[in-house]
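# What the coordinates show
Below are the chains, spelled out letter by letter.
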Amino acid sequence: MSALRVQVCAGSGCVAAGALRVAAALRRAVADDPGLEVAVREVDGSAEAGVRVTGCRGFCAMGPLVGIPEFGILYCRVGEEDALEIVERTLRRRELVERLLYRNPLNGDRCRGENEIPFFAGQTRRTLRRCGVIDPEDIDDYILHGGYAALQRVLTEMTPELVIDEIKRSGLQGRGGAGFPTGMKWELVAGADGTAKYVVCNGDEGEPGAFMDRSLMEGDPHAIVEGISIAAYAVGAQQAVLYTRAEYSTAVRRLRLAVDQARQRGLLGTGAIGTDSGLDLSVVEGAGAYVCGEETALLASIEGRRGMPSPRPPYPAYRGLWGCPTLINNVETLANVPSILSPDPESFDDVGTTLSKGTKTFALTGRVNNVGLVEVPLGTTLREIVFGIGGGIPGNGEFKAAHFGGPSGGALPAAHLDTPIDYESLRSLGAMMGSGGLVILDEQICMVRLARYFMRFCVEESCGKCPPCRIGNHVMLNLLDRIIAGRGQPGDTERLQTLGEHIQRTSLCGLGQTAPNPVLSGIRHFRGEFDAHVRDRNCPAGECSGLS
Amino acid sequence: MSRPTDRSWPNREDEPLSGFYGAEEAGIRRSVDDEIWSFIDRYLEQHGGGRERLIPLLHRIQEKIGHLPFEVQEYVADGIGLAPVQVYGVVSFYHGFTTTPRARHQLKVCMGTACFAGRSQHVLDALAESCRAAPGGISDDGLFNLDAVRCMGACALAPAIMVGSAVHGNATPRKARRIVNDLRDRAGESAGESGE
């Protein structure tokens, strides 16, 4: 029998629900039970035994979560007061604590573990496969789960060209939103002139309602460090920067720890395994600006300036950080890299669609039962995500729309529930994958208000450099304000459309170019609702108090 | 490196730049702990004073004293070799930096999409009313800072508010008002005790 492990999920959702207190209570309960302590320690005697705090498991709706992998058990909504019972009954006597098991709302059956819980059964967890399983603060746990094998293979057996070829062949696309082919980006930077080159990992996850990158950085930081190291080798960079939000203090701390641990093992810095090319990797905190997710703004922020974008070209691949060729990849993109290059690769492209390969993580939130972090093959239908994994709408409400990509994205109405979710399909429907925020809306949500919410966000976050974004979005916001206040003028909907298209076409950076998307997609799919506000002074969802 | 007492760049007495100091003056002025000057000196000695040090340094200062008073910005500018306006430009650009002094209690309302869908605006309104502070500001009794913040990742608990470092999930206007009243009562009690 292998070591008994107790995994306490410490993703932000579970921590907010009290997971750290649960972990402490479990530790106390284990320590207070002398017989058991021996039992836990004796088995294997390895570092694995005991109560471990892990990264996000994803099932945030049911947190705090406590997993005991040897028995295939996942306890949900565990409180401090349950610790003693778990230790006494489950760890000591091998019994189930029935009431802490997930109850399948469809048939009322208790589910023992992840295999039986529909939320997990519907997913294909690859990028997230170690999240919630390993101790993110322990490099050995990562190595035990196959970590750093890809880096070793890359550094000892492969030329940079071969690495780039393999990434190109995998079909990996940037997971930050735009979906640019990763291998092609690497090739551009590798081929750019310049002796000093940089790799920048974009962990500035500013989209409201999105926490995929945060969960990855908190739950599996070494995978990102490994991905960065591989990318640096492939493009010939000596320095790398991981830029993330200062608010993600746990992620920052764990990433810095991961970098230190990797450096101590000689996996970074001078003398990294099998190579003389050292890598200097630093973790840099942003200071709260959505626009810093845009690559040129991000570079400005790293350099200590206001995070304002600059026109492209020149592209960062040729002239980026401190004027040097710079590769910028998103956290999730780089976290995908080690598994693609691992010595015994699970195939990456066996799932997905013809054009969109692999899996994608989503932060599933809003009016859905199973709020959480999910990972599915690209091409999975919205219906499977919302009603399969997500467990449907709470209170038997009616599904109205799914909003992708936050302030840059758009909503898909119920008519598109069976649309496969991939980069091409979403684009053709006027939505955008974005980085993976997926907010489910029920019939009580007014689409005009939602559009205004995102527009206000963009107005607040606009850096003010170019007039279409600075002024145009403000005018759109004013129009939405007056529509919601019941003072809409005939033609306001059309005004919004025309203005939105101008802003899309003429803005300097991605923020401005995509800021009108939520409004335009709202008008496209819910025109009736906009017209009702303007023409009939009526809010069909009943949310706008100024209207009937 | 010159200390604020003998600085050469705009002397506050000579140059009225009240608009510039706006946020700070609206709140309650706090004197800055003298330790901060040597902390800044040490930081720049240790890490070097390149421009890329600016944002990390501002973070560390804010962690220590809660906000970024203008004289501190000036001192940092001096140390890194920037014009004070360049530092102020950075401070004002990023939401993470504030020139409002920190009060005893920090109230934060998440404005992420999930919380929006959970009607966080009503919660924010209720808090603003009951603690008498505009979002982003400090209450008139100096007891509360109220901030509307970006997604804090507690979407499963939407709408979520933070009181200090504790997250309160499934917030309602009523719950929010109760939290403020409790905190105010407690503050009143302790003030009474210390007065005795």
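All figures in this text were calculated on a predicted structure; none of them were measured in a lab.

## Looking at the overall build of chain A
If you tally the helices and strands in chain A, you get 22 helices and 15 strands. Computed over its C-alpha atoms, the radius of gyration of chain A comes to 24 Å, within 12% of the 24 Å expected for a compact globule of 548 residues. Each of the three principal axes of chain A carries a C-alpha extent, and together these read 75 × 60 × 40 Å. Once local pairs closer than 6 in sequence are excluded, the contacts in chain A between residues at least 24 apart make up 71%. Surface summary for chain A: the accessible area is close to 19,700 Å², and the carbon and sulfur share equals 49%. Taken together, the 56 basic and 66 acidic charged side chains of chain A have centroids lying 5 Å from each other.

## Brief notes about helix α4 (residues 83–92) of chain A
Residue and element names in this part refer to chain A. If you check which residues of α4 are buried, you get A83, I86, V87, T90 and L91. Projected down its long axis, α4 shows its buried positions confined to an angular sector of 115 degrees, all on one face. R94 sits one or two residues past α4 and shows a positive phi near 60 degrees.

## Structural notes on the nonpolar core
Counting 139 residues, the largest nonpolar core has L26, Y75, W186, I224 and L382 of chain A as its most contacted members. In terms of residue count, the dominant contributor to this core is helix α11 (residues 221–235) of chain A (ten residues). Counting residues in hydrophobic clusters, the runner-up holds 50 residues, among them C458 and L511 of chain A together with V32 and F93 of chain B.

## Quick look at unusual backbone geometry
Residues and elements named next belong to chain A. The step from G63 to P64 runs through a cis peptide bond, and the omega angle for that step is -10 degrees. For P64, the position within the fold is in the loop between β2 (50–54) and β3 (66–68). Of the consecutive residues P313 and P314, the connecting peptide bond is found in the cis state with omega at 5 degrees. Here Y148, not a glycine, exhibits a phi torsion of approximately 65 degrees, which is positive. Note on placement: Y148 falls in the loop between α6 (139–144) and α7 (149–157).

## Topic: the pattern of salt bridges
Note that side chains of opposite charge can pair when their charged atoms are close. All names here are of chain A. Taken as a whole and judged by the stated rule, the model has 43 salt bridges over all chains. When the shortest N-O distance is used, the salt bridge between E70 and R5 registers 3.6 Å. On the criterion of sequence distance, the pair formed by E70 in the loop between β3 and β4 (73–75) and R5 in strand β1 (residues 5–9) is long-range, its members being 65 residues apart. The exposure class assigned to R5 is buried, which follows from its relative accessible area of 13%. A network of salt bridges, in which partner residues are shared, links D82, E85, R89, R93, E95 and R99.

## Examining the interface of chain B and chain A
Listed as interface residues are 31 residues of chain B and, on the opposing side, 48 residues of chain A. A buried area of about 3,000 Å², summed over both sides, lies between chain B and chain A, and 59% of it is on carbon and sulfur atoms. Contact with chain A buries surface across chain B, with F93, T113 and R150 of chain B losing the most and accounting together for 24% of the total. Viewed at the interface, chain A and chain B are joined by four salt bridges. A class-by-class count of the residues in the side of chain B that touches chain A yields 17 nonpolar, nine polar and five charged.

## Here we look at the layout of surface pockets
All names here are of chain A. Roughly 1,200 Å³ of internal volume is contained in the second largest pocket. Taken together, 43 residues form the lining of the second largest pocket, with G176, G177, A178, G293 and E294 sitting closest to its centre. Contributing elements (two or more residues each) for the lining of the second largest pocket: α9 (182–191), β7 (198–203), β10 (326–330) and α20 (510–514). At five residues, β10 tops the list of elements feeding residues into the lining of the second largest pocket. Its residues assigned to classes, the lining of the second largest pocket comprises 15 nonpolar, 19 polar and nine charged.

## Observations regarding the packing of α11 of chain A against helix α12 (residues 249–264) of chain A
Residue and element names in this part refer to chain A. Packing of α11 against α12 leaves a shortest axis separation of 9 Å and a crossing angle of 60 degrees. As far as their axial angle goes, α12 and α11 are oblique. In this structure, α11 crosses over α12, and the sense of that crossing is right-handed. For the pair α11 and α12, the contacting residues are P221, H222, I224 and V225 in the first and R254, L255, A258, V259, Q261 and A262 in the second.

## Let's talk about the packing of aromatic side chains
Within this structure, the stated rule accounts for 13 aromatic pairs over all chains. When the centroid spacing of 5.2 Å and the interplanar angle of 85 degrees are considered together, the rings of Y142 of chain A and Y148 of chain A count as edge-to-face. Here Y142 of chain A and Y148 of chain A have matching classes, each one buried. Residues Y453 of chain A and F454 of chain A carry aromatic rings whose centres are separated by 5.1 Å and whose planes lie at 65 degrees to one another, so their mutual orientation is edge-to-face. Given a relative accessible area of 11%, Y453 of chain A falls into the buried group. Feature note: the residues F59, Y102, F119 and F120 of chain A constitute an aromatic cluster, connected by ring pairs. The cationic tip of K360 of chain A hangs over the ring face of F362 of chain A; the distance from NZ or CZ to the ring centre is 5.7 Å. A cation over an aromatic ring shows up here: K64 of chain B above the ring of F39 of chain B, its NZ or CZ 4.6 Å from the ring centre.

## Side note on the confidence of the model for chain A
Segments scoring low in pLDDT should not have their predicted coordinates read at a detailed level. Looking at chain A, pLDDT values average 91 and 95% of them are 70 or higher. Low pLDDT (under 50) marks residues 44–48 of chain A, which in the prediction has eight contacts with non-local residues, meaning those over four places away or in another chain.

## Here's the deal with the sheet that holds strand β3 (residues 144–149) of chain B
Within a beta sheet, neighbouring strands are joined by backbone hydrogen bonds and run either parallel or antiparallel to one another. Residues and elements named next belong to chain B. The five strands are arranged β2-β3-β1-β4-β5 in an open sheet whose pairing can be described as mixed. The open sheet has two edge strands, β2 (137–138) and β5 (166–168), and neither has a second partner. Across three bridges, strand β4 (residues 161–163) lies against β5 in antiparallel orientation. Opposite M162, over in β5, you have V167 as the bridge partner.

## Describing helix α14 (residues 331–341) of chain A
All names here are of chain A. With eleven of eleven residues buried, α14 lies mostly within the body of the structure. Those residues of α14 that fall on the buried side of the exposure criterion are V331, E332, T333, L334, A335, N336, V337, P338, S339, I340 and L341. At the N-terminal boundary of α14, the capping side chain belongs to N330, with an oxygen 2.7 Å from the backbone nitrogen of E332.

Rules used throughout
- Residues numbered from 1 in each chain as written.
- Chains lettered and ligands numbered in written order.
- Predicted model: local features only at pLDDT ≥ 70, side-chain atom pairs only at ≥ 80, totals over all residues.
- Heavy atoms only, no water.
- Helix = DSSP H or I, 4+ residues; strand = E, 2+ residues; numbered from the N terminus.
- Rg over C-alpha atoms; globule rule 2.2 N^0.38 Å.
- Contact = heavy atoms within 4.5 Å.
- Areas by Shrake-Rupley, 256 points an atom, 1.4 Å probe, with all protein chains shown as cover.
- Lys, Arg positive; Asp, Glu negative; His and termini not counted.
- Charge placed at Lys NZ, Arg CZ, Asp CG, Glu CD.
- Buried < 20%, exposed > 50% of the residue type's maximum accessible area, 1.4 Å probe, protein only.
- Arc of directions from axis to C-beta.
- Core = buried A, V, L, I, M, F, W, Y, C linked by side-chain atoms within 4.5 Å.
- Salt bridge = Lys/Arg side-chain N within 4 Å of Asp/Glu carboxyl O.
- Buried area = accessible area lost by both parts, 1.4 Å probe.
- Nonpolar A, V, L, I, M, F, W, Y, C, P; charged D, E, K, R; others polar.
- 1 Å grid on protein atoms, 1.4 Å probe; cavity = no way out; pocket = protein on both sides within 12 Å on 5 of 7 lines; lining within 4 Å.
- Points joined across faces, edges and corners; volume = space filled by probe spheres on them.
- Axes fitted to C-alpha atoms, helices over the stretch in contact; angles between N-to-C directions.
- Parallel < 35°, antiparallel > 145°, perpendicular 65-115°, else oblique.
- Left-handed = near helix turned anticlockwise from the far one by under 90°.
- Phe/Tyr/Trp six-rings, centres within 6.5 Å; stacked < 30°, edge-to-face > 60°.
- Lys NZ or Arg CZ within 6 Å of the ring centre and 35° of its normal.
- pLDDT = per-residue confidence, 0-100.
- Pairing = 2+ DSSP bridges.
- Polar contact = N/O pair within 3.5 Å; in protein donor to acceptor, adjacent residues only side chain to side chain.

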